[in-house]
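# Reading the structure
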Amino acid sequence: MDEADRPQPASHHVLPSLSHAAATTLPQENQFNQNLFLQQQIFADKSNRLLSLIQNTKGLLEEIRETNATKPWQTYYPSLQTPQAATTPITPASTHQMRRSNSFHHEDDHDRGFPLQQRIQRSFTTSSASSPQNAHAPVENNGIGRLIPELNVLKLDLKVGNYATSNDALLRGLERNTIAHLLDGRIQQSVKHLDNLYQRVSDKSSKVLITGDLNAGKSTLVNALMQRTILPIDQQPCTSLFCEVLDAQENEGQEAVHAIKDPSVYNREDPNTFTVVDMRHLEKFMNDVIDGYEDYAQLKVYCTDRRLVNDSLLHNGVVDIALIDSPGLNRDSVKTTALFARQQEIDVVVFVVSAENHFTLSGKEFLWNAANEKTHIFIVVNRFDSIRDKERCKRVILDQIKQLSAKTYEDADELVHFVSAGSCLPEIIQGGDFPADFLRLEECLRSFVLEKRCKSKLAPAKVYLENILSDVSVLSDSNRQMAAEELAKVRLELERGEPEYQDTLCRREMVMEKIESLTEETCKLIDNMTRERLINSVDDIENAVSTLVPWNGLLHIWQYSNDLRYVMADLFVDRVKNCETEAREKTKICPDPSRVSIGKLKDELSLDFVDVFEVQDKLGVASVSLGAVTMFSSKALGYKSLVHSLFDITSTVGVSNVRKWAVPVVTAAGLGLLIYIAADMKHALARKTARKLRAHIREGSVVHEEAMRITKDCRRVFKSNAWEIQNRFQKEIEAHERRRAEQEKAAKDGERAVVYFGKVFDKADELARWVAAVEVEVEERKVKA
Ligand SMILES: Nc1nc2c(ncn2[C@@H]2O[C@H](COP(=O)(O)OP(=O)(O)OP(=O)(O)O)[C@@H](O)[C@H]2O)c(=O)[nH]1
């Protein structure tokens, strides 16, 4: 990063003005003050850099939240547990150990110089192997074959006192968007916390929180440090609200106690925001609060410390310090929660533990919570006078500290003190010498708060920034990898889907063409078959009728003729049906009813008398039959035929001869004709009817219509089948196209996500480098023994 690109502090972050305490001592131009002034300058520079980094980190988190809410890619929360780890019940100790072992601020100092990317890489490859502590869970498999460091600040902790079910198992039971929502909540909290850190780093005073279990001796310690009895001390729980002890200089030199109901609106110059309490009646006031007669949240106790700046903690000449005595941790859950919340504005934690009771569960929980930003805790093991086996007590307590705060344990010489504050109260000392262990405690605390002010004031902000930026890197890196994997998967699916899609299109074209040609072929076949069969059916029909229609003699000729017509028509309709059956077998059609009906066809085949007696075609003298024929019936002999016969006979024989031989000839001819008629009538009628049928079939439209009807039905069936097949193809193609559109969208989202998370990762990495460059460790100064 160029110098110009380096995160710049907001314009109002000018060099913080010197503290009230420093300002009042500067005029004495001695070496001590010059050093202090120099320290202030360095501190101001580091503060400004951290303030700028806090703002930039906050901006990054807000951008992630915004993206999470608007972009299609919801931030994925990496799963942390291997199946094996998931089955192991998680205890608070192991959770804590896991978290601490994964935090970058617990890495070797050697690691601090590396950018996040390398540090993550290092944690993937080395940490689990190098440290037995880390072997448990420095990184975990997220179930997709990738190792991911555990989150610190953004970790979603769903456990509510039930350690049998692991947090990860609980997380796995949630929907992805529910997790994204929870994560958004964590990021939001983190943004708020950054605001608090910002306030804290901007604030030129330092706040020292004195906390610990009930009756551990917190108030006693404050009084001993102040060498004044300011706060009430009792075996009964007596501190029920936060008591902030400040230098009276901050209240224009006036000693006073301000009882505050709403600390957020407190203004020392506005009496409406507090109630003044007489310092002598503080104990009674505190009891009233405990008994519920008064409802206050905080006390500000301004008091004068007449000791020299070199000895006094409050009146130290470097920084304005507030000692905050707090209610006992195990007093009640509401107060405990409030205490945790206040940690955000606390620079130094002095944890008072009773040598008799060691660390209780609430004390341990407090320290686990504090570990997110406070690596070093000042621990006062009080009431040491009541312990007989002092060495064993030290060993046990130091062992506990080792588990709870590794960094504190490392500096135990300076940070852990075994004292009896109760024997250092002014009324006990009465002007005598203070015990050496308490003097050393005072010296170390002064050193911790003042000389290591950079560390105590800025380190929490730096540690928090490191943790949150590490979390952002882990999140963005795992999301980038997830997005890249999903993108590759989608691209592969798209690539694989394309030939399948093209194949479906080709298959559709081929099948539809095939159906088309099959339809045409089959229809043509059926059409030809129908026409041919119907046209050729007449011969069969003519042959068939001779056996089907009985001849009952001439007297029943009309009945015979009718039967002939009926049977022929019936046979023809049968032939049509045969054609239908064949077509059905070929196409599974169910044709419309045939328009050829027996009745109608029968009428078409009706014969008149001339049709019946086709003798003139056979004989040239057929007209001789006229007389005989007339015998049969007047119905059989029409007027036209009669005249026709007479004319034929007269013209052939001549009028004179007719009289001579007419009778015998006519008789003989008549007889002959009758015999002939009798013999051939049956066949003549059949032939004639068949001829009519043939003429009807050939000249009429019946065959054409039937063939058309049957093929039309065939075509309809084919079309309906073809439509169904096409429909199936269409559905398949549409499903393909829908899938492809979704995949294309997923690919675009994936591409955007890869770029976006890459940018977030780079930005977090860059910010982390700048955070690492803010050196908050001050040179170690050997405290005099
Ligand atoms: N033996 C012994 N008793 C002590 C010592 N310090 C404090 N005590 C006693 O412990 C009791 C509690 O002391 P406090 O200072 O009120 O303890 P605290 O932690 O402020 O208590 P709360 O504010 O109620 O949580 C008092 O009776 C003190 O006299 C010590 O060093 N040795």
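Remember, predicted model here, so these are calculated numbers, not experimental data.

## Observations regarding the UniProt feature "coiled-coil region" (unreviewed entry) in the protein chain
When the UniProt feature table is mapped onto this chain, "coiled-coil region" (unreviewed entry) is found at residues 726-753. Secondary structure within residues 726-753 divides into 100% helix and 0% strand; the distance between the first and last C-alpha atoms comes to 40 Å.

## Describing helix 12 (residues 361-370)
Regarding helix 12, the residues found buried are Gly363, Phe366, Leu367 and Ala370. Looking down the long axis of helix 12, one finds its buried residues gathered within 95 degrees of arc, a one-sided arrangement. Contacts from the buried residues of helix 12 go to strand 3 (206-212), strand 9 (348-354) and helix 13 (390-404).

## Observations concerning helix 13
If you check helix 13, its first and last C-alpha atoms are 21 Å apart, about what 15 residues at 1.5 Å a residue would give, namely 21 Å. Within the span of helix 13, buried status applies to Ile397, Ile401 and Leu404. End-on view of helix 13: buried residues confined to an arc of 60 degrees, all on one side of the axis. Structural note: helix 13 exposes Glu391, Arg392, Arg395 and Asp399 on the side pointing more than 90 degrees away from its buried face. Contacts made by the buried residues of helix 13 are with helix 12, strand 10 (378-382), helix 14 (406-410), helix 15 (412-415) and strand 11 (416-418).

## Focus: the confidence of the model for the protein chain
Considering every residue of the protein chain, the mean pLDDT works out to 75; 70% of them sit at 70 or more. Below a pLDDT of 50 lies the segment residues 1-29, which in the model reaches 51 contacts outside its immediate sequence neighbourhood of four places, other chains included. Here residues 615-643 is a poorly scored stretch, pLDDT under 50, and it has 27 contacts once near neighbours within four places are set aside; other chains count. Two numbers describe this predicted complex: its pTM, 0.54, and its ipTM, 0.98.

## Comments concerning the sheet that holds strand 9
Here we have nine strands laid out as an open sheet, ordered 6-5-7-4-8-3-9-10-11, and mixed in their pairing. Each edge of the sheet is formed by a strand with only one pairing partner; in this case those strands are strand 6 (275-277) and strand 11. Here the average twist between neighbouring strands, direction ignored, is 20 degrees.

## Here we look at unusual backbone geometry
With a phi close to 65 degrees, Asn215 is a non-glycine residue in the positive phi region. Among the structural elements, Asn215 can be located in the loop between strand 3 and helix 9 (218-226). The exposure class of Asn215 is buried, given the 24 C-beta atoms found within 10 Å. Even without being glycine, His358 reaches a positive phi, approximately 60 degrees.

## A short note on the environment of Ala355
Looking at the element boundaries, Ala355 is found in the loop between strand 9 and helix 12. For Ala355, a count of 23 C-beta atoms within 10 Å corresponds to the buried category. Along the chain, Ala355 and Asp385 lie 30 residues apart, while their C-alpha atoms are 8.7 Å from each other. Aside from chain neighbours lying at most four places away, what touches Ala355 is Val381, Asn382, Arg383, Phe384, Ser386, Ile387, Cys393 and Phe418.

## Notes on the packing of helix 19 (residues 557-587) against helix 25 (residues 702-773)
The geometry of helix 19 relative to helix 25 is characterised by a closest axis approach of 11 Å and an angle of 20 degrees between their N-to-C directions. Considering their axes alone, helix 19 and helix 25 lie roughly parallel with respect to each other. Classified by chirality, the crossing of helix 25 by helix 19 is right-handed. Contacts between helix 19 and helix 25 involve Val576, Cys579, Glu580, Ala583 and Thr587 from the former and Glu706, Ile710, Cys714, Val717 and Phe718 from the latter.

## What about the environment of Gln227?
Secondary-structure assignment places Gln227 in the loop between helix 9 and strand 4 (242-247). For Gln227, a count of 18 C-beta atoms within 10 Å translates into the label partly exposed. Through-space distance from the C-alpha of Gln227 to that of Arg306 is 9.9 Å; in sequence the pair is 79 residues apart.

## Some remarks on the pairing of strand 5 (residues 256-260)
With four of five residues buried, strand 5 lies mostly within the body of the structure. Sheet topology note: the strand 5/strand 7 (residues 298-303) ladder contains five bridges and is antiparallel. Across the sheet, His258 pairs through a bridge with Lys300, a residue of strand 7. With three bridges joining them, strand 5 and strand 6 adopt antiparallel strand pairing. Paired with Val257 across the strands is Val277, a residue of strand 6.

What counts and what doesn't
Residues numbered from 1 in each chain as written. Predicted model: local features only at pLDDT ≥ 70, side-chain atom pairs only at ≥ 80, totals over all residues. UniProt positions renumbered as here; feature names shortened; annotations may be inferred. Helix = DSSP H or I, 4+ residues; strand = E, 2+ residues; numbered from the N terminus. Buried ≥ 20, exposed ≤ 12 C-beta atoms within 10 Å, placed from the backbone. Arc of directions from axis to C-beta. Contact = placed C-beta atoms within 7 Å. Expected span 1.5 Å × (residues − 1). pLDDT = per-residue confidence, 0-100. Pairing = 2+ DSSP bridges. Axes fitted to C-alpha atoms, helices over the stretch in contact; angles between N-to-C directions. Parallel < 35°, antiparallel > 145°, perpendicular 65-115°, else oblique. Left-handed = near helix turned anticlockwise from the far one by under 90°.

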